[in-house]
Each structure stands twice: as C-alpha cells, then as structure tokens.
Amino acid sequence: MQEVLDYFDSVVYNHLPAHLIYVPEMRLINRADIFGIVRPHEVIQNLTLDSWTATARAKATLMKHLNYAIFSHRWLREGEPTFADMQTPAAKTGPGFEKLARFCEKAKEYDCVFAWSDTCCIDKSSSAELDEAIRSMFKWYRDAFVCIVHLATSSSFDDLSNDPWFTRGWTLQELLAPEQIKFFGKNWISLTTKINDKDPCQGTQTSIMRVVSRVTDIPFGQLMNFQPRTHQIAMKMSWAAMRRTTRIEDTAYSLMGIFGVSLTIAYGEGERAFVRLLQAIVEGSRQGTWEVLAWLGERNPYCHSLPKSPVSYRPLATLRRTWNPGHPSQGDIPWDFTCGDPSLQISPRGVEAKVLLVKCASTLDKSNLHHVLSPINLAGEQDDSYDETVAIQSDSNRLTLVDEFALGVLDYWNNGMDEGLLKANQEYICLFLGEGPTSTALFKVRTDNIITLKVRRNVRSKLTKVWLV
C-alpha cells in the first residue's frame, strides 16, 4: 500500500499545479488540501495489492480522483478574478467570475472535481510559483483530463477565423498541448456534438480541427498529436508569427513548451528572452539548427544576427510549403550525414556557425535596384557548378560598407569532417555575407528576400566557420 500512496504524493507535488479550484465549492485549494479531499488511504484500503498488476490498477484508480479540467480563453480587459479575489467571497461577482463559474460547470460535466484557470490559480506575489507556472504550463495543459476552450465571439465554424483567441500568444500551446479538448462558443454553446474535439475518429473534412488547421496554418496531424521537440524551428515559429502577447518576454516564454525547452523567467529583459529561447533550442537539437539563421525582418537589439520575434521566420516557412529546399530523399545521402551545422552555437558574442562558402562577384541591376551575385571560383572566373546569378533584394545603403561578397550555404549535408556536400539539381538556403574594408571578418548582410542557390552538379567543399554578431 505504501508504494501506491508514495506514488500519489509524488503526482500531487510534482505534476499538479500549485493551486486548483475545488469545483463543488468553487474554492481555491493548494496541493496539501488535495489529500483531505481525495483521502487516498480510504480509496485503496479495500483493494488487494498482491501483485504488480494490482498495484498498477490501484495507482490508476487513485489517478482518476486527480482528474482536472483546465481553462483556455481570451482574458477580459478588466474584471477577471484574481488569486486574491478567490480568497474573498464578496469579490466573487462580475463578468469575469461568471465566466469562471461557467467553466467550472463544464468541468463538472466531465466529472472533474478540480479545475485550473490562469486568471486566479497562480499566486503572482510569489516569484517561485509564477516561475513554476510559466515553465510548467505546457505540461499542465498536456496532463489535464480536458481543456475547455471558450471562443467568446464565435457562434459557428465560420466565425473562427475572426475570433481573438487565435491571435494570442499563450493560446497556441493551449491548443497544441491537450489530448482532450472541447470548444464552446458565444453564450457557452458547444460548437460540436463531440465529447472530445481531438477525437481521432472524427477526422473528416468537416471536423472543427480541420477548420482550426486552416485558420492557424498548423497541419492537421500536428494539431491532433503534437509532440514538443526542438526541430522544425521555422514552421513552429510561423505558427506564433501572427500572435501577440501583452508582455514582450511572453513571446519567448509562451513557446518554451512547444520546443520542449526551459528558461529562467526574467520579466524586464525584453527581446533578450527571444535570444535565450533560440539559444536553448539550438543547445537541445543536433538537426535543423541552421534554420535559426534563415530569417528576414528586424534584428534583435541583443544579437544582430538573430531576429526580434517569430514573425521573421514566416518567410522561410512559407517558402518551404511551396518548394522543397534542396533536400533529395535520405536514400541519396550517406547515412552518417546530417543537414547543416550540428555544432552551431549562440553566445553573448553572437552566433558561431559553419557554412559552405561560395565566393561571388557583385553587380547592381539598376533597372530594379537588385544586387546580382555571380558565383566565382578561386581564379575569379564564373563557377559553373551553380546557376549563373542570384538576385539579392537589399537596401543599397547596406551594401556601401561591403567590399567582398559571398554566399554561405546553411542546409548543406555534413558528415562531421568539416566538409559539406551539395547535391546536383537542388536548391539551398543561403546567407548573404560581406567583408568590410576595415575587417577581414565576414558578417551577415540583411536582405529582403530568402536567398536560394541552385546547384547544377555535386559540390564538395571545405566548410568555413563564421562569427555573426
């Protein structure tokens, strides 16, 4: 019996939120209160625990008593119940509390004794509890018995594209994490007849998740069975590109769970949080890290070789949906080759990366003010391993500081021997690199388009380490 009770203790203190709503009384409780409500000794006292299977069943029985519903919604401009309000009976009035009460009614329908809402279940006066909540948010939504979503402005599927819930940063993980989710619309009318709107048996073109997929540009398979990992950086960033958060730092913090990384919470750090997020993603992955450098838009003030926000990765994600950038089937590539530089590093000094360098001659196309690069070999002659020219859209003022030009291929194939492989008849993503008159170091020149280079025949070339600051 003790093994089962120890397991119950571990779940309560390590896997449940620090505070929950006890639904029958609409009362805020802490983890210690759960023991008096569930009474685990009484639940299992009549069970026979004479085998490991019986012990496993006993654990499962106890876990059913810990099922909780979790709330996902768009906050009101004012009037949401706070942690302090839940301690004061007189404060339990107004539209925010009415919304919370309706959520708890829905939780009851799913036989959940406990519920959690981000408005009132976090003691924000405790920095430790706030830090834990932000870091654990994805896991809490994943572990919830059901996620109740309130789309306050939607009465039908046709309204989803205009519902503000789809524009908020935190609701992205609240959409992806839950295994069981239920959508309610205006006046708390169910938008479907399903108990679980992620039910895999409802995978028809008319299901609500198909509509959500079209609204969010998130593939249907990802919505139904999302797994947090550090790969497919540009695609996941594109999902967050058009979403907004009230605090700048939450742009990064709300994506931690989606990439399966953890950051210390430091409100006040501004866009530095996004640099730290990218650093954590790179440190946690050996594949596809090159994507962090393939961006357009505003530079991050804390690291100019990285962007300010997820919106800068949208062009690459859009490009990849319509064009396969340079990657033949894995069967055409030796098994021990990986794509890009697995040792790419982000530090306070900048970004260190290995690229496959292609030297170029440069001319200005005065008809449309595009810069035109022509790949050249060591002798300064045109290199016919590549297409003859590459068009660069860039402000001419940025180019006045550049004496020498090169393209740095990012998504080459690499066997860890400081040599890169480019396959014939494929296109590759490149950085536009320049060398100034007073320095021999290469730096990234900001462009207005994602640069691609077409390869005519197989190329093997030594990799070049560059510092991007």
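S.K.: Before we go on, may I ask you to explain the pattern of salt bridges in this structure?
M.R.: Close approach of charged atoms lets side chains of opposite charge pair. This structure, assessed with the given rule, holds 17 salt bridges. With a shortest N-O distance of 3.6 Å, Lys465 and Glu352 are connected by a salt bridge. Here Glu352 lies in strand β11 (residues 350-365) and Lys465 lies in strand β21 (residues 464-468), a separation of 113 residues in the sequence. In this structure Glu352 comes out as buried when scored by relative accessible area, which is 15%.

S.K.: Looking at this structure, how should I read the sheet that holds strand β15 (residues 413-414)?
M.R.: The strands making up a sheet associate through backbone hydrogen bonding, with each pair oriented either parallel or antiparallel. Taking strand neighbours across the sheet as the criterion, the 4 strands line up as β9-β15-β16-β20 in an open arrangement whose pairing is antiparallel. With one partner strand each, in any of the chains shown, β9 (338-339) and β20 (459-462) form the two edges of the open sheet. Across 2 bridges, the pairing between β9 and β15 is antiparallel. Of the residues in β15, the one forming a bridge with Thr338 is Asn414.

S.K.: What am I meant to see in the layout of surface pockets here?
M.R.: Think of a ball as big as a water molecule: rolled over the atoms, this probe shows where empty space is left. Considered as a void within the structure, the largest pocket measures approximately 740 Å³ in volume. Residue lining of the largest pocket: 25 residues in total, with Trp75, Asp118, Trp170, Thr246 and Asp250 positioned closest to the centre. Residue assignment for the lining of the largest pocket shows that the elements contributing at least two residues are α6 (127-143) and α7 (171-176). For the lining of the largest pocket, the leading source of residues is α6, giving 3 residues. Among the residues forming the lining of the largest pocket, the class breakdown is 8 nonpolar, 6 polar and 11 charged.

S.K.: So what exactly am I meant to see when it comes to the sheet that holds strand β2 (residues 27-30) here?
M.R.: Ordered in space as β2-β1-β4-β3-β5-β6, the 6 strands form an open sheet in which the pairing is mixed. Either end of the sheet is taken by a strand with one partner, and the two such strands are β2 and β6 (181-184). Averaged over all adjacent pairs, the angle separating strand axes in this sheet is 35°, with direction ignored. Where strand β1 (residues 19-22) lies against β2, 4 bridges are found, and the strand directions are antiparallel. Following the sheet pairing, Ile21 is matched in β2 by Leu28. Of the strands in this sheet, β1, β3 (68-73), β4 (114-116) and β5 (146-150) are in contact with α6, which crosses β3 at around 105°.

S.K.: It is not clear to me how the packing of aromatic side chains should be interpreted in this structure. Could you clarify?
M.R.: Think of a pair of aromatic rings as described by two things: how far the centres are apart, and how the planes are tilted against each other in angle. A complete count under the given rule lists 14 aromatic pairs for this structure. Ring geometry for Phe184 against Trp188: centres 5.9 Å apart, planes inclined by 45°, an arrangement best described as tilted. There is no split in this pair, since Phe184 and Trp188 are both buried. Both rings, one in Phe405 and one in Phe432, keep their centres 5.4 Å apart while their planes meet at 15°; by these two values the pair is stacked. Of this pair, Phe405 sits in strand β14 (residues 404-409) while Phe432 sits in strand β17 (residues 426-435), and the two are 27 residues apart along the sequence. Of the aromatic side chains, those joined through ring pairs into one cluster are Phe71, Phe103, Phe184 and Trp188.

Cut-offs used in this document
- In every chain, residue numbers begin from 1 and rise along the written sequence.
- In keeping with the predicted nature of the model, local features appear solely for residues at pLDDT of at least 70, side-chain atom pairs appear and are counted solely at 80 or more, and the whole-chain, interface and lining totals rest on all residues.
- Where side-chain values are given, they derive from all heavy atoms of the structure, hydrogens and water being excluded.
- Salt bridges, as used here, are contacts in which a Lys or Arg side-chain nitrogen is within 4 Å of a carboxyl oxygen on Asp or Glu.
- We count a stretch as a helix when DSSP gives it H or I for four or more residues in a row; a strand needs E for two or more, and each element gets its number in order from the N terminus.
- Accessibility here uses a 1.4 Å probe with only protein chains present; expressed as a share of the type maximum, an area under 20% marks a residue as buried, one over 50% as exposed, and anything in between as partly exposed.
- DSSP-based pairing: two strands are paired if at least 2 bridges between them are found.
- Only protein atoms enter the 1 Å grid used here. Points where a 1.4 Å probe fits but cannot escape make up a cavity, open sets with protein on both sides within 12 Å along at least five of seven lines make up a pocket, and a residue lines them when an atom lies within 4 Å of a point.
- Grid points are joined across faces, edges and corners, and a volume is the space filled by probe spheres set on the points.
- Charged residues are taken to be Asp, Glu, Lys and Arg, nonpolar residues to be Ala, Val, Leu, Ile, Met, Phe, Trp, Tyr, Cys and Pro, and polar residues to be all remaining types, Gly included.
- Where helices are involved, their axes are fitted lines through C-alpha atoms of the stretch in contact, as for all axes, and angles between N-to-C directions lie from 0 to 180°.
- Throughout, a contact is declared for two residues whenever any of their heavy atoms are within 4.5 Å.
- The aromatic pairing rule takes the rings of Phe, Tyr and Trp, using the six-membered ring of Trp, and pairs them if the centres are within 6.5 Å, calling planes under 30 degrees apart stacked, those over 60 edge-to-face and the rest tilted.

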